[in-house]
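Results of the structural survey
This is what each chain is made of:
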Protein chains: 2
Amino acid sequence: MSAEGSGDARGRAGRAGRAGRRAGDEGAARVPLAHRVPDLGALELLLFVARLGSLGRAAREMGISQPAASSRLRAMERQLGVVLVERSPRGSRLTDAGALVTDWARRIVEAAEAFDAGAHALRDRRDSRLRVAASMTIAEYLLPGWLIALRGGRPGTAVSLYAANSSVVAQRLREGAADLGFVEGTDAPAGLDGAIIGHDRLVVVTAPSHPWARRRGPVAPEELAATPLILRERGSGTRQVLDAALRAHGGLAEPLLELASTTAVKSAAVSGAGPAVLSELAVGDEFSTRRLVEVPVDGVRLRRDLRAVWPVGERPAGPARDLLGLTRGRG
Amino acid sequence: MSAEGSGDARGRAGRAGRAGRRAGDEGAARVPLAHRVPDLGALELLLFVARLGSLGRAAREMGISQPAASSRLRAMERQLGVVLVERSPRGSRLTDAGALVTDWARRIVEAAEAFDAGAHALRDRRDSRLRVAASMTIAEYLLPGWLIALRGGRPGTAVSLYAANSSVVAQRLREGAADLGFVEGTDAPAGLDGAIIGHDRLVVVTAPSHPWARRRGPVAPEELAATPLILRERGSGTRQVLDAALRAHGGLAEPLLELASTTAVKSAAVSGAGPAVLSELAVGDEFSTRRLVEVPVDGVRLRRDLRAVWPVGERPAGPARDLLGLTRGRG
DNA sequence: ATGGGGACATAGGCTGAGGTTATGAGTGCC
DNA sequence: GGCACTCATAACCTCAGCCTATGTCCCCAT
């Protein structure tokens, strides 16, 4: 099996030359990503073609005409400079390069589905059948996946999402403004029943270029405690857990950098500034694209519980129960 | 902190009603993803606004005019039904909902960057300064990340990619048609030097709804061997490793399903058909969105080496060495 | 052999999303 | 009070992408 670019690259110069001609010629070849990557519709079309084996059927599935699909696919191939699909009078098959591109495209489309699920929950508010309140970390990293699964299992369940910190989530449940909540932390908020649905682990990460990425054995707690780290600001959940875990080992050193958001911490770590400590939920992408690597640490407990919570006595039923069923098993 | 949809939802019916009106009214509300998710340009714009704190600066960064950015952002907010950005006469800040949406958007954009890096390598062929040949699994899951990193560290390195199975990769290196190769497998191909850059682990996965997802202890090798699994066809690398590992434990049972591609195996597993065995590289997304969970297995070695290879005597130098430096540290 | 049906490609015409410039209006600083 | 910065509005333009209609190729069934 081989996959290699095999299309003509004609017209590339033309595209590059056109983009952003009038405004802002001061920079270098600044071509925004959106001009180098086919749009979501084209990627989705490619996935349909891969699955259905026919341009026309893919077109029908997407609600467009066959010529539209044909031309769109061709435009995508011209843009990438690679032939993706082998047409024949009785169907279409991916080329080897096409199979590779399709898999990369699938990851974009899946991220878009998670986006859609999340955005949908953010929009549909009080009129929803299931009102969820969740901590930021859970809302950001886990809920979209659950919502996609929920949609698969129980289509038509409208979910609304309210994201806040743990105490506000608890507040909302007690007020009856939400049906089901998700928080992370060591103990369940007062006045609420709950169940542990999994665990979140804090991980020490560095850029692959950092010395710690190459060391043989794990880092000892004392070494971690003594090393200046990239951290969230004091008061964040992550920082609290880390502080508690390392207190017995000499206490946290003065941070190397103290940043306001998880994203900022990640960026700093990726750029090689130093080791950072983050929720493992936050670094899945960075691990799989190898921008960050985990540094094993020995003998420190860096876990916190992930909890579903609800008002005392009101056992989740109906859609809340459905969602709860999807959340078990992590950690 | 709270993040909730707070925008008007006007115009939603209008959009839905327009899409796909003429062709194919036979289905239900079939609105392709592309119409529910803002396009890449808009998402990128949102990320710039989040980072730069100003609509106009974000516009300049993207090479468009400020009014264009303004209108585009507004259109995105209308589409999502959520106010994302708080404008003020001296800058713009994300709302809480906007912060959440921005993080989801970032994942789409990152997937698009990986796509771009891969597609670029697929297009630029013999004229590139670094010709890489890689096995399918590595080309698909790891190389895009490396290429992004390489672009960061050494801009201007043009990479071409040839993806094939291990023996073809070896062939190409011996012929001098590639400068650096990547293969997975237990031993290095003949006639080539190489270095182990990491390991790939096979994992047993199920849908979260499967009984194995909820069991307490790990699965014993004998139990795994006796259970019908969803597998790649005989002859695939995955299948070979699994076969060898379980031979001592009674040998692999007749498969539940035998499918031709990794994607097909994943889909079957996600839909709950049964347990599947896959490279951990292939299931990162499914883990983080919780569509699949890992089932621990006891006492079986399901690892295979990931190897960088090159012609005997020709130590990688220049760009090949740069790339090699980025690949160390996995597993 | 010959017509039917499915596949993809080509041609010509339309629409609208998204771009541009020009301008207005609010805020803070010197 | 002007200047520098923000964002919003208005009026216009262009082209990407859609449609329908038609052509060509291939396979199969009559």
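Refer to the preceding data block for the structure.
None of these values were measured; they are calculated from a predicted model.

Bringing the pattern of salt bridges into the picture now. All told, the structure shown has 28 salt bridges over all chains when counted by the stated rule. Linking B:Asp116 and A:Arg36 is a salt bridge whose minimum nitrogen-to-oxygen distance equals 2.8 Å. You can see B:Asp116 sitting in helix H6 (residues 96-123) and its partner A:Arg36 sitting in helix H2 (residues 33-36), one on each of two chains. Its relative accessible area of 4% is what places B:Asp116 among the buried residues.

On to the packing of helix H3 (residues 40-52) of chain B against helix H4 (residues 55-62) of chain B, then. Residue and element names in this part refer to chain B. Running from amino to carboxyl end, H3 crosses H4 at an angle of 130°, the nearest separation of the two axes being 8 Å. In terms of their interaxial angle, H3 and H4 are classed as oblique. The two elements H3 and H4 cross, and the hand of that crossing is right-handed. Of H4, the residues touching H3 (which contributes Gly41, Glu44, Leu45, Phe48, Val49 and Leu52) are Leu55, Arg57, Ala58, Ala59, Glu61 and Met62. When its residues are assigned to classes, the contact of H3 with H4 shows 8 nonpolar, 1 polar and 3 charged.

Let's shift gears to the protein's contact with DNA strand C. Contacts to DNA strand C come from 25 residues, most closely from A:Leu55, A:Ser70, A:Arg74, A:Ser92 and B:Ser65. Sugar and phosphate atoms constitute 70% of the interface atoms of DNA strand C, taking the interface as everything within 4 Å of the protein. Separating a phosphate oxygen of DNA strand C from a side-chain N or O atom of A:Arg74 is a distance of 2.3 Å. A distance of 3.1 Å separates a sugar or linking oxygen of DNA strand C from a polar backbone atom of A:Pro89. Contributing elements (two or more residues each) for the surface near DNA strand C: helix H4 (55-62), helix H5 (66-80), strand S2 (85-88) and strand S3 (91-94) of chain A together with helix H5 (66-80) of chain B. With 4 residues, H5(A) is the single largest residue contributor to the surface near DNA strand C. Each residue belonging to the surface near DNA strand C can be placed in one class, and the counts come to 8 nonpolar, 9 polar and 8 charged.

Among the 25 residues in the neighbourhood of DNA strand D, the closest are listed as A:Ser65, B:Leu55, B:Ser70, B:Arg74 and B:Ser92. Note that a phosphate oxygen of DNA strand D is positioned 2.4 Å from one of the side-chain N or O atoms of B:Arg74. Within the contact set of DNA strand D, a sugar or linking oxygen lies 3.2 Å away from a backbone nitrogen or oxygen of B:Pro89. Elements that contribute at least two residues to the surface near DNA strand D include exactly H5 of chain A together with H4, H5, strand S2 (85-88) and strand S3 (91-94) of chain B. Looking at the surface near DNA strand D residue by residue, the classes come out as 8 nonpolar, 9 polar and 8 charged.

Residue and element names in this part refer to chain B. Topologically, Ser279 is positioned in strand S10 (residues 276-279). Residue Ser279 is classed as buried on the basis of its relative accessible area, which comes to 7%. There is a polar contact of 2.8 Å between the side chain of Ser279 and the side chain of Asp200. In this view, Ser279 contacts Thr137, Asp200, Arg201, Leu202, Val203 and Arg304; residues no more than four positions away in its chain are not counted.

Reading guide: rules and limits
- Residues numbered from 1 in each chain as written.
- Chains lettered and ligands numbered in written order.
- Predicted model: local features only at pLDDT ≥ 70, side-chain atom pairs only at ≥ 80, totals over all residues.
- Heavy atoms only, no water.
- Salt bridge = Lys/Arg side-chain N within 4 Å of Asp/Glu carboxyl O.
- Helix = DSSP H or I, 4+ residues; strand = E, 2+ residues; numbered from the N terminus.
- Buried < 20%, exposed > 50% of the residue type's maximum accessible area, 1.4 Å probe, protein only.
- Axes fitted to C-alpha atoms, helices over the stretch in contact; angles between N-to-C directions.
- Parallel < 35°, antiparallel > 145°, perpendicular 65-115°, else oblique.
- Left-handed = near helix turned anticlockwise from the far one by under 90°.
- Contact = heavy atoms within 4.5 Å.
- Nonpolar A, V, L, I, M, F, W, Y, C, P; charged D, E, K, R; others polar.
- Near = heavy atom within 4 Å.
- Polar contact = N/O pair within 3.5 Å; in protein donor to acceptor, adjacent residues only side chain to side chain.

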